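# Structural description and commentary
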Amino acid sequence: MNFEWFTTTDSKIWFYIDRVSVLLSYVVVFSIGSAFYYFMRFLRRYRRLKNAMRVIDGSSKNPKAFAVCFGGSIKKAVEDYLKAKYQYPIPLTEYAVTSEVTPHNIQKHIEQLSKIKNDFQSHGVTELHLFVKGPVIMGTVLGAIFDNWVTVKLYHNNRSGEYEEWTVLHSAKTLTLEERLEYKVADLIEGGKQGVRENNN
């Protein structure tokens, strides 16, 4: 077979190969640039959530803590936690119920909790620290009541009996597949950085 079209230096095939390689290099640069742009955007969004957790520290104009408990008061435990956790005093309001929540009386509790929220609003509450002890259904109810308001920070009582901050209410939305990937990738990177800092220490 005659391969002169391939081996001859002045063959047009080299001209076309050169043009294709230049085009591919542009595609590669564009792809890398796009990936970097979207990654940085994902990372900024992830860090905004982390920063939102840090900002809710009782330093705003009118912070408030709210303990909702069904079956025993948690006021003392919450007060002790807030004093140890934050340098600013955060006033606490408790809604304590000793009776059982049932389908027959839940509407009464919803109305009472809604009135408390309205009272918070009328007093210009700027951030809310929410502690809940009770049936799962009441957590759902509280999420519906306090959504689309000031930033609400959620706390969980772990197996050791200690409170720990988990998230903010507005972040408890259904994430798209893209958003879940964003947070997963950014979380891995943040975790890697934290591991490096710990090893250096």
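Residues numbered from 1 in each chain as written. Predicted model: local features only at pLDDT ≥ 70, side-chain atom pairs only at ≥ 80, totals over all residues. Heavy atoms only, no water.

Looking now at the overall build of the protein chain. Within the protein chain, the secondary structure is distributed over 6 helices and 5 strands. Along the protein chain, helices and strands appear, N-terminal first, in the series α-α-β-α-β-α-β-α-β-β-α. Looking at the 201 residues of the protein chain, the share that counts as buried comes to 27%. In the protein chain, the share of contacts with a sequence separation of at least 24, taken over all contacts with a separation of at least 6, comes to 74%. Accessible surface computed for the protein chain: about 13,800 Å², of which carbon and sulfur atoms make up 58%. (Helix = DSSP H or I, 4+ residues; strand = E, 2+ residues; numbered from the N terminus. Buried < 20%, exposed > 50% of the residue type's maximum accessible area, 1.4 Å probe, protein only. Contact = heavy atoms within 4.5 Å. Areas by Shrake-Rupley, 256 points an atom, 1.4 Å probe, with all protein chains shown as cover.)

Here we come to the pairing of strand E5 (residues 163–168). With 5 bridges joining them, strand E4 (residues 151–157) and E5 adopt antiparallel strand pairing. Counterpart to Asn-157 in the pairing with E5 is Tyr-163. Taking the residues that link successive antiparallel strands as the turn, the E4-E5 hairpin has 5 residues, and the phi of Gly-161 there is positive, at about 80°. (Pairing = 2+ DSSP bridges.)

By the definition in use, this model includes 10 aromatic pairs. Here the aromatic residues Phe-66, Phe-120, Phe-146 and Trp-149 are joined through ring pairs into a cluster of three or more. (Phe/Tyr/Trp six-rings, centres within 6.5 Å; stacked < 30°, edge-to-face > 60°.)

Attention now goes to the sheet that holds E4. With mixed pairing, the 5 strands of this open sheet are ordered in space as E2-E1-E3-E4-E5. Strand pairing shows two members of the sheet lacking a second neighbour, strand E2 (92–97) and E5, which therefore form its edges. Put simply, the sheet's adjacent strands are angled 25° from each other on average, direction ignored. Bridge count for strand E1 (residues 63–70) against strand E3 (residues 127–133) is 7 bridges, and the pairing is parallel. What sits directly across from Ala-65, in E3, is His-129. (Axes fitted to C-alpha atoms, helices over the stretch in contact; angles between N-to-C directions.)

Considered as a void within the structure, the largest pocket measures approximately 420 Å³ in volume. Lining the largest pocket are 18 residues, with Val-132, Gly-139, Leu-154, Tyr-155 and His-156 positioned closest to its centre. Elements represented by at least two residues in the lining of the largest pocket include exactly E3, helix H5 (136–146), E4 and E5. When residues in the lining of the largest pocket are grouped by element, the largest group, 5 residues, is from H5. Looking at the lining of the largest pocket residue by residue, the class counts come to 11 nonpolar, 6 polar and 1 charged. (1 Å grid on protein atoms, 1.4 Å probe; cavity = no way out; pocket = protein on both sides within 12 Å on 5 of 7 lines; lining within 4 Å. Points joined across faces, edges and corners; volume = space filled by probe spheres on them. Nonpolar A, V, L, I, M, F, W, Y, C, P; charged D, E, K, R; others polar.)

Okay, the side chain of Lys-117 next. Here Lys-117 shows up in helix H4 (residues 106–122). In contact with Lys-117, other than residues within four places in its own chain, are Ile-145, Phe-146, Asp-147 and Trp-149.

Time to look at the confidence of the model for the protein chain. Per-residue confidence for the protein chain averages 79 on the pLDDT scale, and 68% of its residues sit at or above 70. The weakest mean pLDDT in the protein chain belongs to helix H1 (residues 4–7) at 54; the strongest belongs to H4 at 95. (pLDDT = per-residue confidence, 0-100.)

As for its placement among the helices and strands, His-109 is situated in helix H4. Residue classification places His-109 among the buried positions, given a relative accessible area of 1%. The residues touching His-109, leaving out its near neighbours within four places in the chain, are Phe-70, Tyr-95, Val-97, Val-101 and Met-138.

Since there are 3.6 residues in each turn of an α-helix, residues three or four apart along the chain are aligned in direction. Its 17 residues give H4 an end-to-end C-alpha distance of 24 Å, which sits within 8% of 24 Å, the value for a rise of 1.5 Å per residue. If you follow the buried residues of H4, they end up packed against E1, E2, E3 and H5. In the stretch just after H4, Gly-124 is the one whose phi turns positive, near 70°. (Expected span 1.5 Å × (residues − 1).)

Looking now at the pattern of salt bridges. Two side chains with opposite charge may pair up if their charged atoms get near one another. As enumerated under the stated definition, the model contains 3 salt bridges in all. Across the pair Glu-165 and Lys-85 runs a salt bridge, and its minimum N-O distance is 3.9 Å. Here Glu-165 is found in strand E5, whereas its partner Lys-85 is found in helix H3 (residues 75–85), with 80 residues between them in sequence. Its relative accessible area of 29% is what places Glu-165 among the partly exposed residues. Two residues, Glu-165 and Lys-153, come together in a salt bridge whose shortest N-O distance is 2.8 Å. Of this pair, Glu-165 sits in strand E5 while Lys-153 sits in strand E4, and the two are 12 residues apart along the sequence. Residue Lys-153 is classed as buried on the basis of its relative accessible area of 1%. Linked through salt bridges whose partners overlap, the residues forming this network are Lys-85, Lys-153 and Glu-165. (Salt bridge = Lys/Arg side-chain N within 4 Å of Asp/Glu carboxyl O.)

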